[in-house]
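Here are the chains, one letter per residue:
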Amino acid sequence: MKYEISNGTLAIVPNEDDNSLIYEDNERFIVEETPFKIMEESCKYFGSTYKGRKDSAKEILGAEYKIPVVIEDSTNLIIFPTTSPQAEDCAWICLNRVKNISKVDSFNTKIVFDNDRELIVPCSYRSIENQLSRASRLDVILRKRKKL
């Protein structure tokens, strides 16, 4: 099964055997591709490459690592990584679906989505907070550019 990231996507989480656990509005299912492969294929589906979208975001943000990516331009569908994108434990979170975050402990953060679904990711609160901030900044900059 192929999977394209959409406005219904909440998160893409690595699962065993190079599979991904997909969290959508009211569903959770497994796709037999890595989260990174899903990212690459979704970028292509919407007319670009992962590398092109990552390079553009790097240029806009002046950042070098853990870059958020715009999957689809017209709605600013932005998704951000929890760790290095190629790392086996990297999950991808959809910015526009995050309602809030809270610290579970030093190594885990709870993400609450806009539909009140919850996901605990193995990443520090500060790191998730930084990723949210970076992705939000990208969103704001792109929305301002579109108004010009």
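Described below are features of the structure shown in this document. In this text the structure is predicted, and so the values were computed from the model without any measurement.

Looking at the pattern of salt bridges
Two side chains bearing opposite charge may form a pair once their charged atoms approach each other closely. Evaluation of the coordinates by the stated rule reveals 12 salt bridges. Among the salt bridges present, the one from Lys58 reaches Glu64, with a minimum N-O distance of 3.7 Å. When salt bridges that share partners are traced, they join Lys2, Glu33, Lys37, Glu41 and Lys44 into one network.

Let's talk about the packing of helix α2 (residues 50-61) against helix α3 (residues 125-147)
Packing of α2 against α3 leaves a shortest axis separation of 10 Å and a crossing angle of 90°. By the criterion of interaxial angle, the relationship of α2 to α3 is roughly perpendicular. For the pair α2 and α3, contact is made by Ala57, Ile60 and Leu61 and by Arg134, Arg137, Leu138, Ile141, Leu142 and Arg145, respectively. Looking at the contact of α2 with α3 residue by residue, the class counts come to six nonpolar, no polar and three charged.

Some details on the sheet that holds strand β2 (residues 19-24)
Taken together, six strands build an open sheet; the order of strands is β3-β2-β1-β6-β5-β4 and the sheet is antiparallel. Two strands close off the open sheet at either side, each with one partner strand: β3 (28-31) and β4 (69-72). The sheet shows a mean angle of 25° between the axes of neighbouring strands, direction not considered. With three bridges joining them, strand β5 (residues 77-81) and strand β6 (residues 92-94) adopt antiparallel strand pairing. Residue pairing for β6: Pro81 is matched across the bridge by Trp92. Lying on the sheet, helix α1 (residues 35-45) is in contact with β1 (9-15), β2, β3, β4, β5 and β6; it crosses β4 at an angle near 55°.

Thresholds, definitions, all that
- By convention here, each chain's residues receive numbers from 1 onward along its written sequence.
- Whole-chain, interface and lining totals are the exception, using all residues; otherwise, since this is a predicted model, local features are given only for residues with pLDDT of at least 70 and side-chain atom pairs are given and counted only at 80 or more.
- Hydrogen atoms and water are omitted, and side-chain values are computed over all heavy atoms in the structure.
- Any Lys or Arg side-chain nitrogen found within 4 Å of a carboxyl oxygen on Asp or Glu counts as a salt bridge.
- Every axis corresponds to a line fitted to the C-alpha atoms, with the helix fit spanning only the stretch in contact, and the corresponding angles, defined between N-to-C directions, vary from 0 to 180 degrees.
- A run of H or I in DSSP counts as a helix once it spans at least four residues, and a run of E counts as a strand once it spans at least two, with each numbered from the N terminus.
- Here is the rule for angles: anything less than 35 degrees is roughly parallel, anything more than 145 is roughly antiparallel, 65 through 115 is roughly perpendicular, and the remaining ranges are oblique.
- Contacts are residue-level and defined by heavy atoms, with any inter-residue pair within 4.5 Å sufficient.
- Gly is placed with the polar residues, together with every amino acid not listed as nonpolar (Ala, Val, Leu, Ile, Met, Phe, Trp, Tyr, Cys and Pro) or charged (Asp, Glu, Lys and Arg).
- Here a strand pair is declared whenever DSSP counts at least two bridges between the two strands.

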